[in-house]
Amino acid sequence: MADAEQSSAHGRLREGPVSDGLLEGRVAVVTGAGRGIGRAHALRLAAYGARIVVNDPGVAMDGSVTDETPAEEVVAEVAAAGGEAVADTHDIASMEGGQAVVDIALETWGRLDVVVNNAGIGRPHMVFNMEEDDWDAVVRVHLKGTFAVTRPACRWWRSEAKAGRGGYGRVVNTSTGLLLRDAAGQSNYVAAKAGAAAFTAAVASEMAPYGVTVNAILPGARTRLASVGWRIDRMAAEREGFDSAAPEHVAELVCYLASPAAGWISGQCFEVRGGFVDHVVPWTVRAALERDDSGHTAVDLVGEMPRLFGAGPFRSDPPPPEWQARYRAGETGIRPG
C-alpha cells in the first residue's frame, strides 16, 4: 500500500511507498479496528509491513449488538493492498476475549509484537443523568479492555524474555485529549481514559526489564465517537487537501511507537491531531506550598492556598528565634540596625 493511495482519500500524507520495512515481519493486534482511528491503525501498520489481527465485534457506538462486520471489511482492505490480516470479533473487555485475541496472533503467526488498545464505546451524559450501566459499560470497554488484552500479551513477552527469545514488545494505549480541556458530559469516558494513562505508566515500569515499551496516545480525529460532541468540528480544518481531522495522522504516530525506532520511549503520553504531536506529562506538580516547621492548618491555608495559583504574596519567612537572639547579640556578622 502506498502513501499516495492513502492521501487521495484522507488528505496529504507523505507520498511514496511505505513498504520500507519499518514494521516488516511484525505482528500487531489492534482492538476496535473496524472503523475510525482503529481502522486507520490497522491499514497503516499493514502498509508498513505488519500482519494484523483486526479485532472488532461490530457493535454500535453505545456498545449494543449489530449485524455489521467491520473487521472482515478491514481485512479485505488489507488483503487488497497486498498485506496479511485476520478478523477477530471477541469482546476484549472480558478476560476470555482479551486472551483470545492474543492467542489468535500466536496461533496464526507464532508471535506477537504490537498491541494497540483502541476499542471504545460512548455513552455521553451529564453526571446527574448518567445511569450506573452507562458508567460501567464505558469503563469496562475502555479501561478493563485495555487490561484484558495487555495482560496476556505481557505474559507472553515475559515468558519469551525468560526463554532468551524476547526483547521486543510494544503496547500503545488510547487515552483522550479531553483530559486537557473541558469534558462536560463525558465523565465516564474521561475517568476511564485517565485510568488508561495511569495504567500506561505503571505497566511501562513493570515491563521495562523485558524490552517492552508502553505508551499512550491522546488522539484527535474525526470518528463516529468524536462526532457525538461538538469539539471535533472546532479542530477540523481542510487546507489545500490537508484534512487535519483525518485519523491517518494519528495512526502514523502509532506506527512509529510500534517500530524498533521507538524503543527508547516508554511510559509517555502524546496528544496527536493533524500535524501536531504534543508530549503530555500528566500528574506533574505545577506549584507547591512548603514549610518544614509544621503542617498547614485549615486556617493557615486560607492565606496560603491563593499562592498556589500565583494570587498572593510570598509567605512571610521571618528568621527563627535563635537567629534573632544571635543577631541582637551581634554574633551574626550583621550589626543590629
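Definitions and limits used
Residues numbered from 1 in each chain as written. Predicted model: local features only at pLDDT ≥ 70, side-chain atom pairs only at ≥ 80, totals over all residues. Heavy atoms only, no water. Helix = DSSP H or I, 4+ residues; strand = E, 2+ residues; numbered from the N terminus. Buried < 20%, exposed > 50% of the residue type's maximum accessible area, 1.4 Å probe, protein only. Contact = heavy atoms within 4.5 Å. Areas by Shrake-Rupley, 256 points an atom, 1.4 Å probe, with all protein chains shown as cover. Phe/Tyr/Trp six-rings, centres within 6.5 Å; stacked < 30°, edge-to-face > 60°. Salt bridge = Lys/Arg side-chain N within 4 Å of Asp/Glu carboxyl O.

**Concerning the overall build of the chain**
- Within the chain one finds 10 helices and 10 strands.
- When burial is assessed residue by residue, the chain has 45% of its 337 residues classed as buried.
- When contacts within the chain are restricted to residue pairs at least 6 apart in sequence, long-range pairs at least 24 apart make up 68% of them.
- If you sum the accessible surface of the chain, you get close to 16800 Å²; carbon and sulfur atoms cover 54% of it.

**A closer look at the packing of aromatic side chains**
- Under the criterion given, the structure shown has 1 aromatic pair.
- Ring centres of phenylalanine 147 and phenylalanine 199 lie 6.5 Å apart, and the angle between their planes is 90°; on these two criteria the pair is classed as edge-to-face. Of this pair, phenylalanine 147 sits in helix 5 (residues 132–162) while phenylalanine 199 sits in helix 6 (residues 187–207); the two residues are 52 residues apart in sequence, bridging distant segments of the chain.
- Classification of phenylalanine 147 by relative accessible area gives partly exposed; the value is 33%.

**Notes on the pattern of salt bridges**
- What the rule picks out here adds up to 16 salt bridges.
- The residue aspartate 113 makes a salt bridge to arginine 26 at a minimum N-O spacing of 3.4 Å. Of the two residues, aspartate 113 is situated in the loop between helix 4 (95–109) and strand 4 (114–117) and arginine 26 in the loop between helix 1 (3–10) and strand 1 (27–31); the sequence distance between them amounts to 87 residues.
- Aspartate 113 gets classed as buried once you look at its relative accessible area, which sits at 3%.
- Note on arginine 26: relative accessible area 18%, which makes it buried.
- Three or more residues joined by partner-sharing salt bridges are found here, namely Arg181, Glu271, Arg273 and Asp278.

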